[in-house]
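Structural characterization, general
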Amino acid sequence: MKSGKKKAKESSKKSTGKPVIDKVNIKGKNSRPKNIELEDMTIKNLDQELRFNDWYFPVHFTHKGKECLAKFSISEGTLLGQGASFNYATGPLSLKKQKGVQVLEKPSNFIDIRKQPSSKESFKYSEEDEGIVVEMEDLTAVCNPDEQKVISKDEKFGCDLTFKPRGPPLFWGGARNKSSQITEGTLVEGLEALSDARGKIIIDGEEIEVEGMGLFEHVWFNKLNFFELRQVDWVYANFDQMYTFFCSVESALSDGRPKHHVTGTIYMMSEDDYLGVKEIEVVPENWVFVEECYRFIPTQYKFKVETDKGVLNVNAAVAIYPQFAQIVRLENLRLHGIYAWNINFYDAPITLHGEFAYNDGKTVKLTTGRGMNETIRVVPL
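If you're wondering where the values come from, they're calculated on a predicted model, not measured in any experiment.

1. Focus on the overall build of the protein chain
Each helix and strand in the protein chain was counted, giving 2 helices and 27 strands. In terms of overall size, the protein chain behaves like a compact globule, its C-alpha atoms giving a radius of gyration of 20 Å where 381 residues would be expected to give roughly 21 Å. The C-alpha extent of the protein chain, read off along each of the three principal axes, is 65 × 55 × 50 Å. Expressed as a percentage of its 381 residues, the buried residues of the protein chain come to 52%. Counting only contacts in the protein chain whose residues sit at least 6 apart along the sequence, the fraction spanning at least 24 positions is 63%. A total accessible area of about 17,200 Å² is found for the protein chain, and carbon and sulfur atoms account for 48% of it. The average position of the 50 basic charges and that of the 55 acidic charges among the side chains of the protein chain differ by 2 Å.

2. Observations regarding the confidence of the model for the protein chain
Interpretation of this model should avoid reading the predicted coordinates in detail wherever pLDDT is low. Looking at the protein chain as a whole, the pLDDT averages 91, with 92% of positions reaching at least 70. Confidence drops under pLDDT 50 across residues 1–30; counting only partners more than four residues distant or on other chains, this segment forms 73 contacts.

3. Quick look at the pairing of strand E10 (residues 132–136)
Burial within E10 is extensive, with 4 of its 5 residues counted as buried. Bridge analysis of strand E9 (residues 124–127) against E10 gives 4 bridges, and the strand direction is antiparallel. When the bridges of E10 are listed, Lys124 appears paired with Glu135. Connecting E9 to the antiparallel partner E10 that follows it, the hairpin turn spans 4 residues. Note: E10 against strand E11 (residues 139–143), 5 bridges, orientation antiparallel. Its bridge partner lying in E11, Glu135 is registered against Thr140. In this antiparallel pair of consecutive strands, E10 and E11, the connection spans 2 residues, and Glu137 shows a positive phi of 45°.

4. Regarding the side chain of Glu127
Note on placement: Glu127 falls in strand E9. A distance of 2.8 Å separates the side chain of Glu127 from the side chain of Tyr125, its partner in a polar contact.

5. Some words on the pattern of salt bridges
Considering all chains together, one arrives at 22 salt bridges under this definition. Where Arg114 meets Asp112, a salt bridge forms, and the shortest distance between an N and an O atom there is 2.9 Å. Overall, the relative accessible area of 44% leaves Arg114 in the partly exposed class. When its relative accessible area of 33% is taken as the criterion, Asp112 is described as partly exposed. Several salt bridges converge on common partners, so that one network encompasses Glu37, Asp40 and Arg176.

6. Considering the nonpolar core
In terms of nonpolar packing, the biggest core is built from 105 residues, with Trp55, Phe72, Tyr88, Phe157, Ile201 and Phe303 touching the most fellow members. Among the elements that make up this core, the one with the highest residue count is strand E26 (residues 338–358) (9 residues).

7. Some words on the packing of aromatic side chains
Applying the stated rule across the entire model yields 20 aromatic pairs. Centre to centre, the rings of Tyr243 and Tyr267 are 5.2 Å apart; their planes meet at 45°, and the pair counts as tilted. With Tyr243 in strand E19 (residues 242–252) and Tyr267 in strand E20 (residues 258–268), the pair connects residues that are 24 residues apart, well separated along the chain. Residue Tyr243 shares its accessibility class with Tyr267, and that shared class is buried. Through pairs of rings, three or more aromatic residues link up here, namely Phe72, Phe86, Tyr88 and Phe157. A cation over a ring is seen here: Lys44 above Trp220, with NZ or CZ 4.2 Å from the ring centre.

Conventions we followed
Residues numbered from 1 in each chain as written. Predicted model: local features only at pLDDT ≥ 70, side-chain atom pairs only at ≥ 80, totals over all residues. Heavy atoms only, no water. Helix = DSSP H or I, 4+ residues; strand = E, 2+ residues; numbered from the N terminus. Rg over C-alpha atoms; globule rule 2.2 N^0.38 Å. Buried < 20%, exposed > 50% of the residue type's maximum accessible area, 1.4 Å probe, protein only. Contact = heavy atoms within 4.5 Å. Areas by Shrake-Rupley, 256 points an atom, 1.4 Å probe, with all protein chains shown as cover. Lys, Arg positive; Asp, Glu negative; His and termini not counted. Charge placed at Lys NZ, Arg CZ, Asp CG, Glu CD. pLDDT = per-residue confidence, 0-100. Pairing = 2+ DSSP bridges. Polar contact = N/O pair within 3.5 Å; in protein donor to acceptor, adjacent residues only side chain to side chain. Salt bridge = Lys/Arg side-chain N within 4 Å of Asp/Glu carboxyl O. Core = buried A, V, L, I, M, F, W, Y, C linked by side-chain atoms within 4.5 Å. Phe/Tyr/Trp six-rings, centres within 6.5 Å; stacked < 30°, edge-to-face > 60°. Lys NZ or Arg CZ within 6 Å of the ring centre and 35° of its normal.

Here's what the structure looks like:
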């Protein structure tokens, strides 16, 4: 990076949420961005009292023959809270049977560190000529258009990882600067850059070499109504032949009527096809009980994702114990005449396999699939 730091408030532009007219689907192929731009990574909505910004770095890799996931995240704003998070877990799933029910056990080597800012000065943000730097509580993200680095100085869980995009970035709403209307009261904007990741993590002093695939995400919003949500499946996946992110949301309007929303993009690498998602079907299977959240969750999924040029069909299996962000019981909450609700919000690391079938009969078999289903369920107790 070059020198010449600028104040964030002076250099950041307000996110308008207005669509860009020339970013539209043409015969099933999006007018796609070639690369990440500086503006895609900058902090947004600084003039808004309510806002959320994140810089998020998960990576999937293998170590000693086991599936591993490391995640690092910096979040800013008042809508979902500020902080730095450090997560690590390995597979396989550990299941036992109790009274005829399959129970998922939490592994002993699970790391889940969440640090709230100790002062206003804990969050540091600067823009330079070619990128941005974000710092909070032992975690630093250095983001340039061609690569993004995350560095942790936490004593228990350190890292030095570099993420390089595998191809063009994918955007919420299908295009740069276009918002995705998730619910009546929730607009999301931002990018997902499916990436190769290299470097090291350090756990209790032990250094582990990392070579895998993951994601660099920067999303932002200044409106959120969590209680409109009912079911969210936000999925990203890297395969040898393609990568994708897609999101299916079932929510409730203010009068209780259901609302369905989908967004996402599939990028077929060899074919250079950048395909906007039109519809998503999520079928959960093989339910197990999780004591941590006192609920049953699925350990397998079938995803059917439709585009104008073909259909993605994949099977997914939860490979690593899920990481729970929120488990909330609201016994006195009344929504649409129903009392007592539960919020269950977690990341399920998944392995995937399947194929993409073009409308002209051509099929592409998909191998070495790794990704995540970020799951939200807001349901009655």
